[in-house]
Amino acid sequence: MGDYRCGELLTVGNRLFSQKAPLDSLNQEIAENFYVERATFTVTRSVGDEFADNLTSSYPLQARRDLANILGTMLRPRDKTWFKMQSGDPDDLEAKAWLEWATKLQRNAMYDKDSGFIRATKEGDNDYAAFGQCVISTEMNWDNMSLLYRNHHLRDVVWAEGMSGQIERVDRKWKPRLTDVVRQFGKDNVHPKMLADYQKGGESAQREVECRHIVVPSHNYESNFRDSRTGGSKRYKQPWVSIYLDLENEHVIEEVGSWTQIYTIPRWQTVSDSQYSYSPAVVATLPSARLFQALALTILQAGEKYTDPPMLAVGDAIRGDVNLFAGGITYVSEEYDERLGDVLRPISQDKSGMSIGFEIQEMVRREIHEGFFLNRINLPNRGSAEMTAFEASQRVQEYVREALPIFEPIEHEYNGSLCEITFETLMRANGFGDPRNIPEQIQGQDVEFKFESPLHAAEERLKGQKFMGAIGLISQAA
């Protein structure tokens, strides 16, 4: 008989996974057109299977890759500190000095070689560009005392929103090796059947086990379950509860409070009736991607017919096979009269349609390019020397309007959430030293993060142009 808590938690989680099944089918279609490496939502690939064997052109894949690379390099540049902490009075020198020191420490911890931050965000950027969302977990790796970031397949994760529209419950499927489960949670916490298989060693200890990780708000968990020891309601001082379940034996492996939600789930474009989001780039270009593949195949087939045209032959006059390869010999009956025409000749073809095909293909290529915002992300050029300050400011304003839908949700829900969870994780692990050494002006205050991005750079440039324009007006008035 399994733990009743496990059964109730799995009932809710299984329902969430069942409701997400149609979205997995859509994501499989998206992946097969834009992100073939991730095309494992509804199918299972073996190691060594060929990617993109269903595609004729790689351009849609390149568009997704370019957008993901641009988002990462522009919003999280390695060559500078792309975030800084702010809290309380900005003129307080002591608090400002500590925040600057903490910013450098956190950045060094995030980019530590053992943290996996670069790998997780690289994978997350590609998921975000293709599917409009990604899942990155942030935890402490106590083995080497470092942060640990991991990107998880969207196929394995579901979530539910609270009344405020924010993500509250997160369920993740997990299939670790039995040895890893025992190593992480200890022999005393795993089910006796699992422990017996572990002690057998060999393949029994190395087999994969079905597990589930669930993160829920502590107030919801406290109201639904009671403490098995006291019989009273569970109480956690942390805002979240992290639960690991053994699905094979319906056993709760671990149940602990957590100061963070652990999972960062940025969502690009949401709709009011779903907790899941979509990539506006892919929504706009999925039909174009299918059309582009069909056009590429048609043009390739037409080009092949032109360079290696089909042949027209007189059947009774040819002896044996027709050998059209270099140096090949085709034998013809000596009785055939060549005045009747060549015994073997290419069929005449009209090549005028080739140019139309190329024009349509270029039009669809532009649609995909613009659909992925690749024509809007770069900062506007300064223009000619004759351009007035007003004209320059108008160009910058136009760039801000076009780039805002791209950068704004990433900064707040992606970078912002990652930095906040990282800060809280380091703080609870004493990564910033003794909490008593933190300036009193900061203690108890919410730490905010300010980011450096092309959008902010454009806004600052716009302010500067307005300032210079005001100086010009004052000079003329004087």
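The coordinates are above.
Sequence order sets the numbering: in each chain, residues are counted from 1 along the sequence as written. In view of the model being predicted, local features appear only for residues whose pLDDT reaches at least 70, and side-chain atom pairs are presented and counted only at 80 or more, with totals across whole chains, interfaces and linings using the full set of residues. Only hydrogens and water are set aside when side-chain values are computed; all heavy atoms of the structure are taken into account.

Visitor: Before we go on, may I ask you to explain the overall build of the protein chain in this structure?
Guide: A helix here means a DSSP run of H or I that spans at least four residues, while a strand means a run of E at least two residues long, and both kinds are numbered starting from the N terminus. Helices and strands together make up the secondary structure of the protein chain, namely 13 helices and 16 strands. Sorting the 478 residues of the protein chain into buried and exposed places 44% on the buried side. In what follows, a contact means two residues having at least one pair of non-hydrogen atoms within 4.5 Å. For the protein chain, the proportion of contacts with a sequence separation of at least 24, taken over those separated by at least 6, is 70%. Each accessible area is a Shrake-Rupley estimate made with a 1.4 Å probe; only the visible protein chains count as cover when residues are assessed. For the protein chain, the accessible area works out to roughly 26800 Å², and carbon and sulfur atoms hold 49% of it. Burial classification: accessible surface area is computed with a 1.4 Å probe over protein chains only, and a residue below 20% of its type maximum counts as buried, one above 50% as exposed, and the rest as partly exposed.

Visitor: How do you make sense of the packing of aromatic side chains when you look at a structure like this?
Guide: Remark: the centre distance and the inter-plane angle together describe each pair of aromatic rings, the angle taken between the planes. Classification of ring pairs uses Phe, Tyr and Trp, with its six-membered ring standing for Trp, and accepts pairs whose centres are within 6.5 Å; under 30 degrees between planes counts as stacked, over 60 as edge-to-face, and the remaining range as tilted. What the rule picks out here adds up to 22 aromatic pairs. For the pair Tyr59 and Phe292, a centre-to-centre distance of 5.8 Å together with 40° between the ring planes defines the contact as tilted. Highlighted residues: Tyr59 in helix H3 (residues 59-75) and Phe292 in helix H10 (residues 280-307), separated in sequence by 233 residues. For the pair Phe423 and Phe449, a centre-to-centre distance of 6.4 Å together with 75° between the ring planes defines the contact as edge-to-face. Here Phe449 lies in strand S16 (residues 448-451) and Phe423 lies in helix H12 (residues 389-428), a separation of 26 residues in the sequence. Through successive ring pairs, a cluster of aromatic residues spans Trp82, Phe83, Trp98, Trp101, Phe423, Phe432, Phe449 and Phe451. Whether a charge sits over a ring comes down to the Lys NZ or Arg CZ being within 6 Å of the ring centre and within 35 degrees of the ring normal. One residue, Arg365, lies across the ring of Tyr59, its end atom 4.7 Å from the ring centre. In this structure, Arg428 is placed above the aromatic ring of Trp259, and the distance from its NZ or CZ to the ring centre is 3.6 Å.

Visitor: Help me understand the sheet that holds strand S9 (residues 263-264) in this model?
Guide: Consider a sheet: its strands pair through backbone hydrogen bonds, and that pairing is either parallel or antiparallel. Note on pairing: two strands pair once DSSP finds at least 2 bridges between them. Read across the open sheet, the 3 strands follow the order S3-S2-S9; overall the sheet is antiparallel. Each having just a single partner strand, strand S3 (146-152) and S9 make up the two edges of the open sheet. This element, helix H5 (residues 117-131), spans strand S2 (135-141) and S3 of the sheet and lies at about 25° to S3. For helices, the axis comes from a line fit to the C-alpha atoms of the stretch in contact; other axes are also lines fit to C-alpha atoms, and the angle between any two N-to-C directions lies between 0 and 180 degrees.

Visitor: How should I be thinking about the pattern of salt bridges in this particular structure?
Guide: Between side chains of opposite charge, pairing is possible as soon as their charged atoms come close. Each reported salt bridge corresponds to a side-chain nitrogen of Lys or Arg within 4 Å of a carboxyl oxygen of Asp or Glu. For the structure shown, the criterion picks out 22 salt bridges. Residue Asp114 pairs with Lys113 through a salt bridge whose shortest N-O separation is 3.4 Å. Note on Asp114: relative accessible area 33%, which makes it partly exposed. Here Lys113 falls in the exposed class, since its relative accessible area comes to 74%. Within this structure, Asp197, Lys200, Arg207 and Glu248 form a network of salt bridges that share partners.

Visitor: When you look at H5 in this model, what are you seeing that I'm missing?
Guide: Multiplying one less than the number of residues by 1.5 Å gives the expected span of a helix. If you check H5, its first and last C-alpha atoms are 20 Å apart, about what 15 residues at 1.5 Å a residue would give, namely 21 Å. For H5, the tally of buried residues reaches 11 of 15 residues, placing the bulk of the element in the interior. Within H5, burial applies to Phe117, Ala120, Thr121, Gly124, Asp125, Asn126, Asp127, Tyr128, Ala129, Ala130 and Phe131.

Visitor: Quick question: what am I supposed to make of the sheet that holds strand S6 (residues 211-217) here?
Guide: One open sheet holds the 5 strands; their spatial order is S4-S5-S6-S7-S8, and the pairing between them is antiparallel. The open sheet is flanked by strand S4 (157-161) and strand S8 (251-258), the only strands paired with a single partner. Taking the axes of each pair of neighbouring strands and ignoring which way they run, one obtains an average angle of 15° across the sheet. Of the pairings in the sheet, the one linking strand S7 (residues 240-246) to S8 comprises 7 bridges and is antiparallel in character. Each bridged residue has a counterpart across the sheet, and for Ile243 the counterpart in S8 is Glu255. In this fold helix H6 (residues 178-185) packs onto strand S5 (167-174), S6, S7 and S8, with an angle of close to 45° to the strand it touches most, S8.

Visitor: Help me understand the nonpolar core, please; the structure alone is not making it clear to me.
Guide: One recurring pattern in soluble globular proteins: nonpolar side chains tend to sit buried together. Here, the term nonpolar core denotes a set of buried Ala, Val, Leu, Ile, Met, Phe, Trp, Tyr and Cys residues that are joined through side-chain atoms within 4.5 Å. Grouped together as the largest cluster of nonpolar side chains are 78 residues, with contacts concentrated most on Leu67, Trp159 and Phe372. At 9 residues, the largest contribution of residues to this core is made by H12.

Visitor: Explain unusual backbone geometry here, please?
Guide: A negative phi angle is the norm for most residues apart from glycine, just as the trans form is the norm for most peptide bonds. Its identity as a non-glycine residue notwithstanding, Glu250 has a phi of 50°, on the positive side. Inspection of the secondary structure puts Glu250 in the loop between S7 and S8. Note on Glu250: relative accessible area 35%, which makes it partly exposed. The backbone of Ile262 sits at a positive phi, close to 70°, despite the residue not being glycine. Positionally, Ile262 belongs in the loop between S8 and S9. The exposure class assigned to Ile262 is buried, which follows from its relative accessible area of 6%.

Visitor: Is there a simple way to explain a nonpolar patch on the surface in this structure?
Guide: Each patch is built from residues that are more than 30% exposed by relative accessible area and take part in no salt bridge. Like charges join if they lie within 9 Å; nonpolar side chains (Val, Leu, Ile, Met, Phe, Trp, Tyr) join within 5 Å. A contiguous nonpolar surface patch, about 240 Å² in accessible area, is contributed by Met311, Val322 and Leu324. Inspection of the secondary structure puts Val322 in the loop between strand S13 (318-319) and strand S14 (331-332). In this structure Val322 comes out as partly exposed when scored by relative accessible area, which is 37%.

Visitor: Sorry, what's going on with the packing of helix H2 (residues 21-34) against H10 here?
Guide: Each pair of packed helices gets described by two things: the angle between the helix axes and the distance between those axes. At a minimum axis separation of 10 Å, H2 and H10 run at an interaxial angle of 60°. Judged on the interaxial angle alone, H10 and H2 are oblique. Seen along the crossing, H2 lies across H10 with a hand that is left-handed. Contacts between H2 and H10 involve Glu29, Ile30, Asn33 and Phe34 on the former and, on the latter, Val282, Thr285, Leu286, Ala289 and Arg290. Throughout, the ten residues Ala, Val, Leu, Ile, Met, Phe, Trp, Tyr, Cys and Pro are labelled nonpolar, Asp, Glu, Lys and Arg are labelled charged, and all others, Gly among them, are labelled polar. Split into classes, the residues belonging to the contact of H2 with H10 amount to 5 nonpolar, 2 polar and 2 charged. An angle below 35 degrees is treated as roughly parallel, one above 145 as roughly antiparallel, one from 65 to 115 as roughly perpendicular, and anything else as oblique. Put simply, a crossing is left-handed when the front helix is turned counterclockwise from the back one by less than a right angle, and right-handed when it is turned clockwise.

Visitor: Would you take a moment to explain the side chain of Glu255 for this structure?
Guide: Checked against the element boundaries, Glu255 lands in strand S8. Judged by its relative accessible area of 17%, Glu255 falls in the buried class. Definition of a polar contact: a pair of N or O atoms within 3.5 Å, with one able to donate and the other able to accept a hydrogen when the atoms are protein atoms, and with sequence-neighbouring residues admitted only if both atoms are side-chain atoms. Within polar-contact distance, the side chain of Glu255 engages the side chain of Tyr221 at 2.9 Å. For Glu255, the side chain forms a polar contact with the side chain of Tyr236, separated by 2.5 Å.

Visitor: Can you help me understand H3 in this one?
Guide: Residue pairs three or four apart in sequence face the same way in an α-helix, which turns once every 3.6 residues. Taking 1.5 Å per residue as the helical rise, H3 with its 17 residues ought to reach 24 Å, and the 24 Å between its terminal C-alpha atoms agrees with that figure. All of the buried residues in H3 are Tyr59, Pro60, Leu61, Ala63, Arg64, Leu67, Ala68, Leu71, Gly72, Met74 and Leu75.

Visitor: Explanation requested: the packing of H6 against helix H7 (residues 192-200) in the structure shown.
Guide: It is at 10 Å that the axes of H6 and H7 come closest, and there the two elements cross at 115°. Looking at the two axes, H6 sits roughly perpendicular to H7. When you trace H6 past H7, the crossing you get is left-handed. In this structure, H6 contributes Leu178, Thr179 and Val182 to the contact, and H7 contributes Met194, Asp197 and Tyr198. Per-class residue counts for the contact of H6 with H7 are 4 nonpolar, 1 polar and 1 charged.

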